[in-house]
Amino acid sequence: MTLTDVTLSPTPPATAAVRPYRHYVYAYPHKTAYRALPREGARLRDLWADEPKDALSLYFHIPFCEVRCGFCNLFTRIGAPGDLATAYLDALERQAAAVREALGEGARFANAAFGGGTPTYLEAAELERLCDLAEHGLGADLRAIPLSVEASPATATADRLSVLAERGTTRLSLGVQSFVEAEARAAVRPQRRGDVEAALGRIREAGIPVLNIDLIYGIDGQTERSWTESLDAALAWRPEELYLYPLYVRPLTGLGRHAADAERGEEAWDEQRLRLYRHGRDHLLAHGYEQVSMRMFRRADAPATGGGDYACQTDGMVGLGCGARSYTSTLHYSFDYAVDMHRIRGIIDAYTERTTREFAHADYGWAMDDEEARRRHLLQSLLQAEGLSVAEYRARFGSAPGEDFTEELERFSDRGWLDASAGPDVLRLSPEGLAHSDAAGPELFSAAVHRRMAAYEPK
């Protein structure tokens, strides 16, 4: 069948039976599907030998934070006691040497990002060194490509921001979560609004072209009124981007240990988050923002920062650091994954002790076959507001998404999640489909990925 054979329902039916918040899909598959790799088959030089390397994405992972938020299940630890930050940067340098040797000559980076953790936990001189590793260690010209950096209000100091601006940072993402102090405390993210506003002032003074502010909805006690207060406080700074994240409570996190979601009732919490999402979406649209995905909103007149030649569905990712992941066309790989603080500390300590030779192979990963590549392409395109180009999909795979994913797309159509007005050349989610992105995404996971994730034991 073709895409046009998928019947699109003109009237969205009820979706009450479908939980809207199942899984945040930021990459496919999730690292809980990764498993240990045989060393003889995972040499980086072999993995990258036949890969296109003219539009790579570069990612450095810094696993340190000044505090761990109650909702956080990312690979991060509180603080870097003693000389741990220096030891970590030393290890990054050794890893960069191994990766550059594996990539060979001619590798070109189309964009770069520093994430974590909190990259700005590093001091100004350490951030200079991190930029040097990207430029001299891997050959990435940070001033010529988009560079995105994550920060927290406490670490967005003038000296750090000055380094980032001078080294070419085009986007700074600030994790605020809420401007309402009581809500920040409820999310185990204690901060004073005055400190947040001061950090935003320093970011604007630094002249970084794109400011993104992260906000969270679904916090205990949050209402449309308090949510609007946070939205308006963010809008006062005219950020080029805003990310609106639903709160999740995951095992082994601060909130997870208190079973907060079980106490409030899952159905009521789903209703609260969906209501706040719609309120936030409509509020931002009314203030001149365009919706890019369920989470991302961009100011209509925001400056372009380049990077349009990189496509996450097809181009490779080179990740450095113990929480980073890398993508080739045949393998996604990373280091061991954990959420528990003690396990994370052990993984970080082991990372800092590795030699350059030990960085020359992949440790944990997921082999990508043709079916998984199709699923990833569909997922990472469909969850964007602009949708999926059927022609691009057909050119890559020789078939239409409606042929490969008949059952899934018909189910989405029956729920009113597909945009019936998009036409035969584009597969796009409806507004209601975008609202249910965290339900739609997991329904596109393969059975093999579901089995691996279900078998993973949180650690």
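Colleague: Quick one: what's the story with the environment of Leu285, residue by residue and with numbers?
Modeller: Looking at the element boundaries, Leu285 is found in helix 9 (residues 266-286). The partly exposed category is assigned to Leu285, whose relative accessible area is 40%. Spatially, the C-alpha atom of Leu285 lies 9.5 Å from that of Ala300, the residues being 15 residues apart in sequence. Beyond its immediate chain neighbours, meaning those up to four positions away, Leu285 contacts Glu290 and Gln291.

Colleague: Explain helix 4 (residues 158-166) to me, and be specific about the residues and the numbers.
Modeller: Considered for burial, the residues of helix 4 that qualify are Arg160, Leu161, Val163 and Leu164. The buried residues of helix 4 occupy one face: seen down the axis, they fall within an arc of 155°. For helix 4, the elements touching its buried residues are helix 3 (124-137), strand 6 (147-151), strand 7 (171-177) and helix 6 (193-206). Two residues or fewer after helix 4 comes Gly168, characterised by a positive phi angle close to 110°.

Colleague: Which residues make up the nonpolar core, and what are the values?
Modeller: With 122 residues, the main nonpolar core has Leu58, Phe60, Leu92 and Leu215 as its most contacted residues. Of all the elements, helix 2 (residues 84-103) adds the most residues to this core, at 11 residues. Core analysis: the second largest hydrophobic core is formed by nine residues, Tyr243, Tyr245, Leu247 and Trp269 among them.

Colleague: How would you sum up the pairing of strand 11 (residues 296-299)? Please name residues and give values.
Modeller: On strand 11, burial covers both faces: Met296 and Arg298 on one face and Phe297 and Arg299 on the other are all buried. The pairing of strand 10 (residues 289-291) with strand 11 spans three bridges and is antiparallel. Counted as the bridge partner of Gln291 is Phe297 from strand 11. Here strand 10 folds back onto strand 11 in antiparallel fashion, the turn holding four residues.

Colleague: Describe in detail helix 9, supporting the description with residues and values.
Modeller: Here helix 9 spans 30 Å end to end across 21 residues, near enough to the 30 Å set by a 1.5 Å rise per residue. Buried within helix 9 we find Trp269, Asp270, Gln272, Arg273, Leu274, Leu276, Tyr277, Gly280, Arg281, His283 and Leu284. The first or second residue beyond helix 9 is Gly288, which carries a positive phi of 85°.

Colleague: An account of the pairing of strand 12 (residues 317-320) is needed here, citing residue identities and associated values.
Modeller: Residues Met317 and Gly319 of strand 12 are buried on one face, and the alternating residues Val318 and Leu320, pointing to the opposite face, are buried as well. Looking at chain direction, strand 2 (residues 56-62) and strand 12 are connected through four bridges and run parallel. Each residue of the ladder has a partner; that of Tyr59, found in strand 12, is Gly319.

Colleague: Describe the pattern of salt bridges, with residues and values.
Modeller: Pairs may arise between side chains of opposite charge once their charged atoms sit close together. With the rule as written, the count across this model stands at 35 salt bridges. A salt bridge links Arg19 to Glu266; the nearest nitrogen and oxygen atoms lie 3.0 Å apart. In this pair, Arg19 sits in the segment before strand 1 (35-36) while Glu266 sits in helix 9, placing the two residues 247 residues apart along the sequence. For Arg19, a relative accessible area of 31% translates into the label partly exposed. Glu266 sits in the partly exposed class, given a relative accessible area of 41%. Between Asp195 and Arg192 there is a salt bridge whose closest N-O contact spans 3.2 Å. Overlapping salt bridges, with partners in common, bring together Glu128, Asp132, Glu135, Arg143, Glu166 and Arg167 in one network.

Colleague: Go over the packing of aromatic side chains, please, and point to the residues and values.
Modeller: The geometry of an aromatic ring pair is captured by the separation of the ring centres together with the interplanar angle, meaning the angle of the planes. Throughout the structure, instances matching the rule amount to 17 aromatic pairs. Summarising the aromatic geometry, the rings of Tyr21 and Tyr248 are spaced 6.4 Å apart at their centres and angled 80° between planes, so their arrangement reads as edge-to-face. With Tyr21 in the segment before strand 1 and Tyr248 in the loop between strand 9 (241-246) and helix 8 (260-264), this pair connects stretches of sequence that are 227 residues apart. Taken individually, Tyr21 and Tyr248 each receive the classification buried, so the pair is uniform in this respect. Plain terms: the ring middles of Tyr337 and Tyr456 are 6.2 Å apart, the flat faces sit at 45° to each other, and that makes the pair tilted. With Tyr337 in the loop between strand 14 (331-334) and helix 10 (341-352) and Tyr456 in the segment after helix 17 (447-455), this pair connects stretches of sequence that are 119 residues apart. As far as burial versus exposure is concerned, Tyr337 and Tyr456 are alike and both buried. Arg295 extends its terminal NZ or CZ atom over the ring of Tyr24, reaching a point 3.7 Å from the ring centre. Its guanidinium or amino end placed over the ring of Trp417, Arg415 lies 4.8 Å from that ring's centre, counting from NZ or CZ.

Colleague: Can you tell me about unusual backbone geometry, naming the residues and giving the values?
Modeller: Cis geometry is found at the peptide bond from Tyr28 to Pro29, where omega equals -5°. Inspection of the secondary structure puts Pro29 in the segment before strand 1. Here the residue pair Gly116 and Gly117 is connected by a cis peptide bond, since its omega of 15° sits within 30 degrees of zero. If you trace the backbone, Gly117 turns up in the loop between strand 5 (109-116) and helix 3. One non-glycine residue, Gln177, adopts positive backbone phi at about 75°. In this fold, Gln177 is placed in strand 7. Phi at Arg238 takes a positive value of approximately 45°, unusual for a residue other than glycine. Within the fold, Arg238 resides in the loop between helix 7 (224-235) and strand 9. Classification of Arg238 by relative accessible area gives partly exposed; the value is 45%.

Procedures and definitions
Residue numbering note: each chain is counted from 1, following its sequence as written. This being a predicted model, a pLDDT of at least 70 is required before a residue's local features are given, and a value of 80 or more before pairs of side-chain atoms are given or counted; all residues contribute to the totals for chains, interfaces and linings. Working from all heavy atoms in the structure, the side-chain values ignore hydrogens and water. Strands are runs of DSSP state E lasting at least 2 residues, helices are runs of H or I lasting at least 4, and numbering of each runs from the N terminus. For the exposure calls, accessible area comes from a 1.4 Å probe over protein chains only, and a residue counts as buried if that area is under 20% of its type's maximum, exposed if over 50%, partly exposed in between. Should any heavy atoms of two residues lie within 4.5 Å, those residues are counted as being in contact. In this description, one arc is meant: the one made by directions from the helix axis to the C-beta atoms. Among the buried residues, those of types Ala, Val, Leu, Ile, Met, Phe, Trp, Tyr and Cys that are joined through side-chain atoms within 4.5 Å form a nonpolar core. Here, a strand pair is defined by DSSP locating no fewer than two bridges between the strands. Between the first and last residue of a helix there are one fewer steps than residues, each counted as 1.5 Å, and that sum is the expected span. Criterion for a salt bridge: a side-chain nitrogen of Lys or Arg within 4 Å of a carboxyl oxygen of Asp or Glu. Only Phe, Tyr and Trp rings are paired, with Trp represented by its six-membered ring, and only when their centres lie within 6.5 Å; those with planes under 30 degrees apart are stacked, over 60 edge-to-face, the remainder tilted. Counted as over-ring charges are cases with an Arg CZ or a Lys NZ within 6 Å of the ring centre that also lie within 35 degrees of the ring normal.

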